[in-house]
Amino acid sequence: VARRHDTVSFLSDFGTVDGAPAHITSIIRDLAPHARVIDLTHEVAPFDIRGGSLTLARSVPHVAAGVILAVVDPGAGAGRPPVAIEVADGAGVFVGPDNGLLAPAVAMAGSAERAVLLDDAEYHLAVVSPTSGARDVLAPVVAHLCNGVDLGELGTSVDPGLLVPGVVPLPRDEDGSLLCEVLWVDRFGNVQLNVSPEELTDRWDVGTGSLVRVTTVDALGNPHVRSAALVDAFAGLANGAVGMLRDGHGMCSLVVDRASAAVELGLAPGGLVVLAPLVDDEGPSTSPDTPVVTNVALRRKG
Amino acid sequence: VARRHDTVSFLSDFGTVDGAPAHITSIIRDLAPHARVIDLTHEVAPFDIRGGSLTLARSVPHVAAGVILAVVDPGAGAGRPPVAIEVADGAGVFVGPDNGLLAPAVAMAGSAERAVLLDDAEYHLAVVSPTSGARDVLAPVVAHLCNGVDLGELGTSVDPGLLVPGVVPLPRDEDGSLLCEVLWVDRFGNVQLNVSPEELTDRWDVGTGSLVRVTTVDALGNPHVRSAALVDAFAGLANGAVGMLRDGHGMCSLVVDRASAAVELGLAPGGLVVLAPLVDDEGPSTSPDTPVVTNVALRRKG
Amino acid sequence: VARRHDTVSFLSDFGTVDGAPAHITSIIRDLAPHARVIDLTHEVAPFDIRGGSLTLARSVPHVAAGVILAVVDPGAGAGRPPVAIEVADGAGVFVGPDNGLLAPAVAMAGSAERAVLLDDAEYHLAVVSPTSGARDVLAPVVAHLCNGVDLGELGTSVDPGLLVPGVVPLPRDEDGSLLCEVLWVDRFGNVQLNVSPEELTDRWDVGTGSLVRVTTVDALGNPHVRSAALVDAFAGLANGAVGMLRDGHGMCSLVVDRASAAVELGLAPGGLVVLAPLVDDEGPSTSPDTPVVTNVALRRKG
């Protein structure tokens, strides 16, 4: 059988202290020495399927062709067997638990073309413990895929439509505003929302330089209203000002130049952000200490 | 000379902030370009020989064939020269300080077949500082091993029995109980003890579903008694209940489903855990706030 | 075109949580599969050009031949285009922002022989965002360099002398003392100063075993005076005593055996340390709680 995949992209919530990702990499190294493992991240918060699935989906446009191994599995060893899912005419194979972790990434990669339950023990190592399935089952399966074993040989075929779906929050229109969710806060404090610039410009007559009203809600339930300028670069922002730009994944991110927008706005993943266009004669509060609820006359596009 | 090793597995307490592991990897890359370096972990606590040696021993069954480089060396630059130790008919070579760090892993790999003191400067780079021995001495030695230099050429042969032994705590029987030590707390809060399931079933008439009495001692010296069910999977555990299962390294680990057993039980590496079988009519305290000492009529096996 | 570089050494302030370094590594893997990426560190503090430039410069003597990619870019997407700088007859190429980050490393590597502004979009991916230049511009440029594309093809030639210089703090003589700056505190708390042992022995009649007066200033502006023995190894230090030795990068580092000199002395990167030789009859305070200012009769060398 010909070698089929040369690269394994690997994401997990294992951390890098315990050595768990390295044990998996070592098994792949022994069984498929030609394969290179690229660690996407192992710092997904423990058990955080949502965060892991979003990080994986963000990575899909950039990963090398080959196998994508992803493990965030709070129910380790229980329930459904793990799965392998082929995409892009076999150029990519996702391997991981069937708990929704892979679904948004698979969707981003096109769609699931073939899927199998990884239930053929012939392709596994001896399973030591319910906690060691990633090492004892997934690592050898990944190596066999790299070595050219066909997906169909690894277990029982399954209709991809029957796999556990992912949860991707969509923005919601309400009274001329757009209720968004924070998908991600990056290392620099930039706040990615679940909305693209196109979704704003489709709805409202806004563009670079426009102000958008940004409403957040604090822990006591009080709303805080800020304005954010739509900008093309950090350089367009005054010192300390909140802006919104297209981030590296094509989504709207709230940003502050050389500072953390997440800190400035008190936002974390999963948080609610209400966006609305800002009319010219509206004087929004720019102080987060002064909750303001304003009625805005929206200028709808077109 | 033929290439001899293709993979270097690398563990240290260097962290990943300073670049120190990468400098060593870079030197190996320059001297032995064919070799792949797999980072087991560099997050061993600074100077923690015990923790490092246990992490290394846990890794041994999973590392790829080749050189294992391990560095946790509080006495850097002082005392004994570092060593290289051959195992498994030369399929593996451990390289590191002679301070007990390597010993448990070597024992796990079988036994030391040959050992040398790394005292031949011909195979070293110029040593800049007492703090740079890992980079200036061990990195080039590892590369030479990968390139096929025989262990015996690297320095003075030494009887492996004269190397500093490791410290592996053994469980101790006392009054029908087993005094155990916490070896490790993993990222998910699972608490590995220095006892295997077989050591329990050899002593007591217990099996899956049995309850075991788990006694811990708090900072004030007060005992806390809990029961833990022996389970085969997390799924066998009620919400919040403490269980004990065979972990991925074949040892007993105390666990809580989707939560930290270490937090629940107030345990950290090195902590004392007293295990005993639980008789059916015993009503153990399950509250950590109510210290209870009970006399248990043990049903010894056989 | 022949392959030209086999290794990419990569430093950034991206952290390892978000996957950003892996996305760059993945693009290089796809475009130049033969190239190996070695992560120097991605834990440079966000936006810390100074810290990143010092870590990069410390790495230069140890990195493998090839491309060095470094990204710490607070002004991402604004201002000057990034640059590529050739050193050592083309054996090394630095790629990164033109903000001073690369300059000390380039100087350490010899000097800049050729430099280009990376302004030819033919060698870039589509740029998604001002925040994604490292991924969309630098990653493909690095891959093209590895594949043998000549530096000159990648953009407009620029006089290396016109690039933004780095800031390397130099020690300053004052009243017989030497005002030094903390360059770096490593994971073990060793405190690297911006002065080499030779700069001390050139000035003063000191050598191994000599005592040096070490004055630090606390947050309230009060001076604290300690003595530090010049030592060749940690083993030369009494328990808890502060010593100074040549570190792995050839600079003076303040150290404490198996403890943190940074904690003991209250020092952090950028901090001021005043060094002076200690005359034999001087009784320095060794308590950090007792600020002492003494007039020292210096014995100048020669």
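Values in this document were obtained by computation on a predicted structure and should not be read as measured data.

## A closer look at the side chain of Ser59(B)
Residue and element names in this part refer to chain B.
(1) Moving on: Relative to the helices and strands, Ser59 resides in helix α2 (residues 49-59).
(2) Moving on: The class for Ser59 is buried, based on a relative accessible area of 1%.
(3) Moving on: Within polar-contact distance, the side chain of Ser59 engages the backbone oxygen of Thr55 at 2.9 Å.

## Thoughts on the relation of the copies chain B and chain C
(1) Moving on: After a rotation of 120° and a shift along the axis of 0.0 Å, chain B superposes on chain C with an RMSD of 0.0 Å. Given the turn and translation reported, the copies of this chain are related as if by a three-fold rotation axis. Looking at the rotation axis and the C-alpha trace of chain B, the residue lying nearest is Arg36(B), at 5.4 Å.
(2) Moving on: Each copy contacts the other with its own distinct surface, as only 6% of the interface residues of chain B are interface residues in chain C too.

## A closer look at helix α1 (residues 20-31) of chain A
Residues and elements named next belong to chain A.
(1) Moving on: Given a rise of 1.5 Å per residue, 12 residues ought to cover 16 Å, and the 17 Å separating the end C-alpha atoms of α1 matches this to within 8%.
(2) Moving on: Counting buried residues in α1 gives 9 out of 12 residues, a clear majority hidden from the surface.
(3) Moving on: Considered for burial, the residues of α1 that qualify are Pro21, Ala22, His23, Ile24, Thr25, Ser26, Ile27, Ile28 and Arg29.

## Quick notes on the sheet that holds strand β3 (residues 66-71) of chain C
(1) Moving on: Read across the sheet, 7 strands follow the order β2-β1-β3-β5-β4-β6-β7 (chain C) without closing on themselves; strand pairing throughout is mixed. The sheet is open, and its two borders are formed by β2 (36-41) and β7 (156-157) of chain C, each paired with just one other strand.
(2) Moving on: Each of β1 (7-12) and β2 of chain C is contacted by helix α1 (residues 20-31) of chain B, which is oriented at about 150° to β2(C), the strand it contacts most.

## Remarks on the relation of the copies chain C and chain A
(1) Moving on: Superposition of chain C onto chain A requires a rotation of 120° combined with a translation of 0.0 Å along the rotation axis, giving an RMSD of 0.0 Å.
(2) Moving on: The overlap is low: 6% of the interface residues of chain C also sit at the interface in chain A, so different surfaces are used on the two sides.

## A word on the sheet that holds strand β1 (residues 7-12) of chain B
(1) Moving on: Taken in spatial order, the 7 strands of this open sheet run β2-β1-β3-β5-β4-β6-β7 (chain B), and their pairing is mixed. Each edge of the open sheet is held by one strand with a lone partner, namely β2 (36-41) and β7 (156-157) of chain B.
(2) Moving on: In the sheet, strand β4 (residues 83-87) of chain B pairs with strand β6 (residues 114-117) of chain B via 4 bridges, with the strands oriented antiparallel. Considered in β6(B), the bridge of Ala84(B) is made with Val116(B).
(3) Moving on: Relative to the sheet, α1(A) contacts β1 and β2 of chain B, its axis offset from that of β2(B) by approximately 150°.

## Observations regarding the pairing of strand β15 (residues 272-277) of chain A
Residues and elements named next belong to chain A.
(1) Moving on: Within β15, 5 of the 6 residues are buried, which leaves it mostly tucked inside the rest of the structure.
(2) Moving on: Across 4 bridges, the pairing between strand β9 (residues 177-185) and β15 is antiparallel. Opposite Cys180, over in β15, you have Val273 as the bridge partner.
(3) Moving on: Two strands pair when backbone bridges link them, and strand β11 (residues 211-217) and β15 are joined in this way by 5 bridges, in the antiparallel orientation. Bridge pairing in β15 links Val214 to Leu275.

## A look at the packing of aromatic side chains
(1) Moving on: Within the structure shown, the criterion is met by 3 aromatic pairs over all chains.
(2) Moving on: Taking NZ or CZ as reference, Arg58(C) lies 3.7 Å from the ring centre of Trp184(C), over its face.

## Describing the pattern of salt bridges
(1) Moving on: Applying the stated criterion across every chain yields a total of 36 salt bridges over all chains.
(2) Moving on: The salt bridge partner of Arg203(A) is Asp173(A), with a shortest N-O separation of 2.7 Å. Note that Arg203(A) is positioned in helix α5 (residues 197-203) and Asp173(A) in strand β8 (residues 172-174), a separation of 30 residues in sequence.
(3) Moving on: The exposure class of Asp173(A) is partly exposed, given its relative accessible area of 46%.
(4) Moving on: A salt bridge links Glu174(C) to Arg172(C), with the nearest nitrogen and oxygen atoms 2.8 Å apart.

## Remarks on the interface of chain C and chain A
(1) Moving on: Contacts between chain C and chain A engage 35 residues on the former and 33 residues on the latter.
(2) Moving on: Ranking the residues of chain C by area buried against chain A places Asp18(C), His23(C) and Arg29(C) at the top, with a combined share of 24%.
(3) Moving on: The tally of links between chain C and chain A comes to 1 salt bridge.
(4) Moving on: For Arg187(A), the salt bridge identified is with Glu43(C), shortest N-O distance 3.4 Å.
(5) Moving on: Scanning the region where chain C abuts chain A turns up 18 residue pairs in polar contact (both at pLDDT 80 or more).
(6) Moving on: Tallying contributions element by element places helix α1 (residues 20-31) of chain C first for the side of chain C that touches chain A, with 7 residues.
(7) Moving on: Broken down by class, the residue content of the side of chain C that touches chain A amounts to 15 nonpolar, 13 polar and 7 charged.

## What about the interface of chain B and chain C?
When the parts of a complex come together, some accessible area is lost, and that lost area is often taken as the interface size.
(1) Moving on: In this complex, chain B contributes 34 residues to the contact, which on the side of chain C involves 33 residues.
(2) Moving on: Roughly 2,500 Å² is buried in total at the junction of chain B and chain C, and carbon and sulfur atoms are behind 57% of that figure.
(3) Moving on: Considering only the side of chain B, the residues that lose the most area to chain C are Asp18(B), His23(B) and Arg29(B), jointly responsible for 24% of the buried surface there.
(4) Moving on: The interface formed by chain B and chain C contains 1 salt bridge.
(5) Moving on: Joining chain B to chain C, the criterion identifies 17 residue pairs in polar contact (both at pLDDT 80 or more).
(6) Moving on: At 7 residues, α1(B) tops the list of elements feeding residues into the side of chain B that touches chain C.
(7) Moving on: Here the side of chain B that touches chain C is composed, by residue class, of 14 nonpolar, 13 polar and 7 charged.

## Looking at the environment of Phe234(B)
(1) Moving on: Here Phe234(B) is to be found in the loop between β12 (223-230) and β13 (242-246).
(2) Moving on: A relative accessible area of 7% means that Phe234(B) is categorised as buried.
(3) Moving on: Sequence separation of Phe234(B) and Val256(B) is 22 residues, and the distance between their C-alpha atoms is 7.5 Å.
(4) Moving on: Those residues in contact with Phe234(B) that lie beyond four places of it in its chain are Ala76(A), Thr131(A), Asn190(B), Leu245(B), Val255(B), Val256(B) and Asp257(B).

## Some remarks on the confidence of the model for chain A
All names here are of chain A.
(1) Moving on: Averaged over chain A, the pLDDT score is 90; the fraction of residues at 70 or greater is 91%.
(2) Moving on: Confidence over residues 283-302 falls short of pLDDT 50; this stretch has 39 contacts with residues more than four positions distant or in other chains.
(3) Moving on: What the predictor reports for the complex is a pTM of 0.91 with an ipTM of 0.90.

## Examining the packing of α1(C) against helix α4 (residues 133-146) of chain C
Residues and elements named next belong to chain C.
(1) Moving on: It is at 9 Å that the axes of α1 and α4 come closest, and there the two elements cross at 40°. As for the relative orientation of α1 and α4, their crossing is right-handed in sense. On α4, the residues that touch His23, Ile24, Ile27, Ile28 and Leu31 of α1 are Ala134, Arg135, Ala139, Pro140, Val142 and Ala143.
(2) Moving on: Class assignment of the residues belonging to the contact of α1 with α4 gives a composition of 9 nonpolar, 1 polar and 1 charged.

Scoring rules and cut-offs
- Residues numbered from 1 in each chain as written.
- Chains lettered and ligands numbered in written order.
- Predicted model: local features only at pLDDT ≥ 70, side-chain atom pairs only at ≥ 80, totals over all residues.
- Heavy atoms only, no water.
- Helix = DSSP H or I, 4+ residues; strand = E, 2+ residues; numbered from the N terminus.
- Buried < 20%, exposed > 50% of the residue type's maximum accessible area, 1.4 Å probe, protein only.
- Polar contact = N/O pair within 3.5 Å; in protein donor to acceptor, adjacent residues only side chain to side chain.
- Least-squares fit on C-alpha atoms with pLDDT ≥ 70 in both.
- Contact = heavy atoms within 4.5 Å.
- Expected span 1.5 Å × (residues − 1).
- Pairing = 2+ DSSP bridges.
- Axes fitted to C-alpha atoms, helices over the stretch in contact; angles between N-to-C directions.
- Phe/Tyr/Trp six-rings, centres within 6.5 Å; stacked < 30°, edge-to-face > 60°.
- Lys NZ or Arg CZ within 6 Å of the ring centre and 35° of its normal.
- Salt bridge = Lys/Arg side-chain N within 4 Å of Asp/Glu carboxyl O.
- Buried area = accessible area lost by both parts, 1.4 Å probe.
- Nonpolar A, V, L, I, M, F, W, Y, C, P; charged D, E, K, R; others polar.
- pLDDT = per-residue confidence, 0-100.
- Left-handed = near helix turned anticlockwise from the far one by under 90°.

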